[in-house]
Amino acid sequence: MSTTPTHHLILGTAGHIDHGKTSLVRALTGVDTDRLPEEKRRGLTIELGFAELALDGVTFGVVDVPGHERFVRTMVAGATGIDVALLVVAADDSIMPQTVEHVEILDLLGVRSGVVAVTKCDLVDDELAELVAVETAELLAHTRLADAPIVRVSATTGAGLDTLRHELCIAARAVERRRLDHPFRLSIDRAFSVPGRGTVVTGSVHSGQLSAGDPVDVWPGGHAARAREVQTHHRGADRVEAGQRAAINLQGVDLRDVDRGSELAAPGTLTPTRWLDVELHCLASHPHALRAHARLRLCLGTRELLVRCVLLDPTELLPGQRALAQLR
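The rules behind the values
- Residues numbered from 1 in each chain as written.
- Predicted model: local features only at pLDDT ≥ 70, side-chain atom pairs only at ≥ 80, totals over all residues.
- Heavy atoms only, no water.
- Phe/Tyr/Trp six-rings, centres within 6.5 Å; stacked < 30°, edge-to-face > 60°.
- Lys NZ or Arg CZ within 6 Å of the ring centre and 35° of its normal.
- pLDDT = per-residue confidence, 0-100.
- Helix = DSSP H or I, 4+ residues; strand = E, 2+ residues; numbered from the N terminus.
- Pairing = 2+ DSSP bridges.
- Axes fitted to C-alpha atoms, helices over the stretch in contact; angles between N-to-C directions.
- Buried < 20%, exposed > 50% of the residue type's maximum accessible area, 1.4 Å probe, protein only.
- Contact = heavy atoms within 4.5 Å.
- Core = buried A, V, L, I, M, F, W, Y, C linked by side-chain atoms within 4.5 Å.
- Left-handed = near helix turned anticlockwise from the far one by under 90°.
- Parallel < 35°, antiparallel > 145°, perpendicular 65-115°, else oblique.
- Nonpolar A, V, L, I, M, F, W, Y, C, P; charged D, E, K, R; others polar.
- Patch = residues over 30% accessible without salt bridge, like charges linked within 9 Å, V, L, I, M, F, W, Y side chains within 5 Å.
- Areas by Shrake-Rupley, 256 points an atom, 1.4 Å probe, with all protein chains shown as cover.
- Salt bridge = Lys/Arg side-chain N within 4 Å of Asp/Glu carboxyl O.
- Lys, Arg positive; Asp, Glu negative; His and termini not counted.
- Charge placed at Lys NZ, Arg CZ, Asp CG, Glu CD.

1. Let's talk about the packing of aromatic side chains
Moving on, step 1. One pass over the full model with this rule turns up zero aromatic pairs.
Moving on, step 2. Over the aromatic face of Phe 50 sits the side chain of Arg 245, whose NZ or CZ is 3.7 Å from the ring centroid.
Moving on, step 3. One Lys or Arg, Arg 328, reaches over the ring of Trp 275 and ends 4.5 Å from the middle of that ring.

2. Overview of the confidence of the model for the chain
Moving on, step 1. A residue-level look at the chain finds 95% of positions with pLDDT of 70 or above and a mean pLDDT of 91.
Moving on, step 2. When pLDDT is averaged over each element of the chain, strand S6 (residues 150–152) comes out on top at 98 and helix H2 (residues 37–42) at the bottom at 68.

3. Observations concerning the sheet that holds strand S21 (residues 322–327)
Moving on, step 1. The strand order across the open sheet formed by four strands is S16-S21-S19-S18, and the pairing between neighbours is antiparallel. Edge positions in the open sheet fall to strand S16 (276–281) and strand S18 (294–300), since each of these has one partner strand only. Across the sheet, the axes of successive neighbouring strands diverge by a mean angle of 50°, strand direction being ignored.
Moving on, step 2. Here three bridges tie strand S19 (residues 303–311) to S21, and the two strands are oriented antiparallel to one another. Bridge pairing in S21 places Cys 309 opposite Leu 327.

4. Digging into the environment of Leu 161
Moving on, step 1. Structurally, Leu 161 is set in helix H6 (residues 161–173).
Moving on, step 2. The class of Leu 161 is buried, set by a relative accessible area of 7%.
Moving on, step 3. Aside from chain neighbours lying at most four places away, what touches Leu 161 is Leu 24, Ala 27, Leu 28, Val 153 and Ser 154.

5. Topic: the sheet that holds strand S5 (residues 113–119)
Moving on, step 1. The mixed open sheet is built from six strands, whose spatial order is S2-S3-S1-S4-S5-S6. The open sheet has two edge strands with one neighbour each: strand S2 (49–55) and S6. On average, adjacent strands in this sheet sit at an angle of 25° to one another, irrespective of strand direction.
Moving on, step 2. Strands strand S1 (8–14), S2, strand S3 (58–64), strand S4 (84–90) and S5 of the sheet are contacted by helix H1 (residues 21–29), whose axis makes an angle of about 40° with S2.

6. Topic: the nonpolar core
One recurring pattern in soluble globular proteins is that nonpolar side chains are buried together.
Moving on, step 1. If you look at the biggest cluster of nonpolar residues, it comprises 29 residues, and the most contacted ones within it are Leu 87 and Leu 106.
Moving on, step 2. Of all the secondary-structure elements, those providing two or more residues to this core are S1, helix H3 (72–79), S4, helix H4 (97–108), S5 and helix H5 (126–140).
Moving on, step 3. Apart from the residues within four sequence positions on either side, Leu 87 is in contact with Ala 14, Gly 15, Thr 99, Val 103, Val 115, Val 116, Ala 117, Thr 136 and Leu 140.

7. What about the packing of H3 against H4?
The axes of two packed helices give the description: the angle between them and the distance between them.
Moving on, step 1. The contact between H3 and H4 brings their axes to 11 Å, and the two run at 35°. At the point where H3 passes H4, the crossing takes the right-handed sense. Contact with H3, carried on its side by Val 72, Met 75 and Val 76, involves Glu 101, His 102 and Ile 105 of H4 and no other residues of that element.

8. Notes on the packing of H1 against H6
Moving on, step 1. Across the interface, H1 lies against H6 with an axial gap of 11 Å and an inter-helix angle of 85°. Between H1 and H6, the angle is such that the two are roughly perpendicular. Residues Leu 24, Ala 27 and Leu 28 of H1 pack against Leu 161, Leu 164 and Arg 165 of H6.
Moving on, step 2. Per-class residue counts for the contact of H1 with H6 are five nonpolar, no polar and one charged.

9. What to know about the pairing of S18
Moving on, step 1. Two elements, S18 and S19, share seven bridges in a ladder whose sense is antiparallel. Its bridge partner being in S19, Arg 295 is matched across the sheet by Arg 308.
Moving on, step 2. In textbook terms, the turn of a hairpin is the stretch between consecutive antiparallel strands, and for S18 and S19 this stretch comprises two residues, one of which, Gly 301, has a positive phi near 65°.

10. A closer look at a negative patch on the surface
Moving on, step 1. Together, Asp 18, Asp 92, Asp 93 and Asp 122 line one region of the surface with negative charge.
Moving on, step 2. Along the chain, Asp 93 turns up in the loop between S4 and H4.

11. Observations concerning the side chain of Arg 165
Moving on, step 1. Among the secondary structure elements, Arg 165 is positioned in helix H6.
Moving on, step 2. You can call Arg 165 buried: its relative accessible area is 19%.

12. Section: unusual backbone geometry
Moving on, step 1. A cis amide bond links Trp 219 to the next residue, Pro 220, at an omega of 0°.
Moving on, step 2. Tracing the chain through its elements places Pro 220 in the loop between strand S10 (215–219) and strand S11 (223–232).
Moving on, step 3. For Ser 94, which is not glycine, the phi torsion reads 65° and is therefore positive.
Moving on, step 4. Here Lys 120, not a glycine, exhibits a phi torsion of approximately 60°, which is positive.

Have a look at this one:
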């Protein structure tokens, strides 16, 4: 298989805790995305992890997300902006609460291209693995991922990995290429300081492209900054573009002014607002109706903030219903 990169896409994992997302990413890329000592000690993904997967004509920036219910907001931050989903379901466990929750999140985010990996198939017989595949297909039947192929794999033995790579390539070809002439925009998921270089931020490039030396605005606040250096997967680059993971060394901005949830954008392209007009969808699985003027948590890019929901027509939104609303 040729590994010449011609198409850059973000591949995001999804699935319940202990279903083998990180082990599968390691089997595909050779990278252990659990980088924190606490993650290694507990065997639990807590933070977003990143790797690169080069296949035939496509290079994926892989975002590995936590599967624990306490870290669902971190999962949303990682899932925002992905092009292809890799849903992981363990053959010895089948559908679990965060499997359902992550599928709902992917559907709300509009993710239309993906592959399902039924993992740990070395631990069960073929009949049980097939049953899990059927249950997963039923879960996806009424979502945008209804046609996603389901591949049985084992990260331990390597069984099914070549088929999974092949299906990921097919899924990549179904994704419309992002236009590089759109304004640059990146949601920051990490910010840190490097001795001798200053502030560095990382994130998935949503649109456009950025070269070393280019000016950027940092939001909220609209602070003017400049990209001193750009990297992708620890390699220096002349530029980064939509569909790539990026690390950007910023000049003119202090670490105190950026964190997860901040945005980088081409100068003059964003305008601050306190109101958002939206179509609000109350999930069918939600335990109760959403009432007018309810306080909600808005996850936007990698940012999370409290908002007041103003319904424009009904006084309440029942599970499964949609309505126009304003978030303030």
